[in-house]
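Observations on the model geometry
What follows is the residue order along each chain.
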Amino acid sequence: LGVWDKAWPEAIRVSVSPDGDMLALALNHPAGILAEALLERLAVAKGEGDSGLPPDLKPRLDRIASEPAVAGRCARAMLFSRLTWFFSLDKFWVSTALLPKLDWADREEAAGAWQGFLWSSRVTSELWKHIKPRFLACFDHIVELGEAAERLAPRFASVAIEGGSEALSPTEAT
């Protein structure tokens, strides 16, 4: 992790164009690669259920979550691609550090976060309760989502089918 700590400040200085799919950019950007390295380490160290983030990884994940540079958005896109998993590990951290970034008040931040999230394959009913209004707002931001918008309707259908009558109100279902 010492190498990660030395590499992170350099990674966020590497320029990146904020245009395009943030997750695709993250796959080849140093900040995205460092985020992926933490995800791999977390996969090995993870606890059971909502056990929280390991104390050696949490400060680094906090740095990614709060980094204002565009490179930080790249790294966050990687985290959002595993949002359901993160939520199962540490609901409080996800609710405070990541979920606010899904809010369309900051369009660039939200677009990158949703592009990462829509790459993932599943939404649990518990996470859906926390992201539902923000998710539904995505339909008003198709242009900002770029190619990720193609995954919006299938994800919505999946949530509606798996969640049954509890997932959507009658007006949301029409």
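As a reminder, the structure under discussion sits directly above these lines.
Residues numbered from 1 in each chain as written. Predicted model: local features only at pLDDT ≥ 70, side-chain atom pairs only at ≥ 80, totals over all residues. Heavy atoms only, no water.

Some remarks on helix α5 (residues 70–80)
- Counted residue by residue, α5 has 10 buried out of 11 residues, so it is predominantly covered.
- Within the span of α5, buried status applies to Ala71, Gly72, Arg73, Cys74, Ala75, Arg76, Ala77, Met78, Leu79 and Phe80. (Buried < 20%, exposed > 50% of the residue type's maximum accessible area, 1.4 Å probe, protein only. Helix = DSSP H or I, 4+ residues; strand = E, 2+ residues; numbered from the N terminus.)

Looking at the nonpolar core
- Core analysis: the largest hydrophobic core is formed by 56 residues, its most contacted members being Leu83, Phe86, Trp93, Trp114, Phe117, Trp128 and Ile131.
- At 7 residues, the largest contribution of residues to this core is made by α5. (Core = buried A, V, L, I, M, F, W, Y, C linked by side-chain atoms within 4.5 Å.)

Here's the deal with the layout of surface pockets
- A volume near 200 Å³ is recorded for the largest pocket.
- Only α9 (125–137) and α11 (152–163) provide two or more residues apiece to the lining of the largest pocket.
- Top element by residues in the lining of the largest pocket is α9. It accounts for 4 residues.
- Looking at the lining of the largest pocket residue by residue, the classes come out as 4 nonpolar, 3 polar and 5 charged.
- Along the walls of the second largest pocket sit Pro18, Asp19, Gly20, Met22, Arg73, Glu108, Ala111, Gly112, Gln115, Glu144 and Gly146, which together make up its complete lining.
- Considering each element in turn, the lining of the second largest pocket owes the most residues, 4 residues, to helix α8 (residues 107–119). (1 Å grid on protein atoms, 1.4 Å probe; cavity = no way out; pocket = protein on both sides within 12 Å on 5 of 7 lines; lining within 4 Å. Points joined across faces, edges and corners; volume = space filled by probe spheres on them. Nonpolar A, V, L, I, M, F, W, Y, C, P; charged D, E, K, R; others polar.)

Quick look at the side chain of Arg60
- With respect to the helices and strands, Arg60 occurs in helix α4 (residues 58–66).
- Among the residues examined, Arg60 registers a relative accessible area of 13% and is labelled buried.
- Of the polar contacts made by the side chain of Arg60, one reaches the side chain of Asp5; its length is 2.7 Å.
- Apart from the residues lying within four places of it in its own chain, the contact partners of Arg60 are Leu1, Trp4, Asp5 and Leu38. (Polar contact = N/O pair within 3.5 Å; in protein donor to acceptor, adjacent residues only side chain to side chain. Contact = heavy atoms within 4.5 Å.)

Observations concerning the pattern of salt bridges
- On inspection of all chains with the given rule, the structure shows 9 salt bridges.
- Across the salt bridge formed by Glu36 and Arg82, the nearest N and O atoms sit 2.9 Å from each other. Taken together, the residues Glu36 in helix α3 (residues 30–45) and Arg82 in the loop between α5 and α6 (83–89) connect sequence positions 46 residues apart.
- The exposure class assigned to Arg82 is partly exposed, which follows from its relative accessible area of 23%.
- Of the charged contacts, one joins Arg41 and Asp56 as a salt bridge, the two residues approaching to 3.8 Å between their closest N and O atoms. (Salt bridge = Lys/Arg side-chain N within 4 Å of Asp/Glu carboxyl O.)

These figures capture arrangement, not role.
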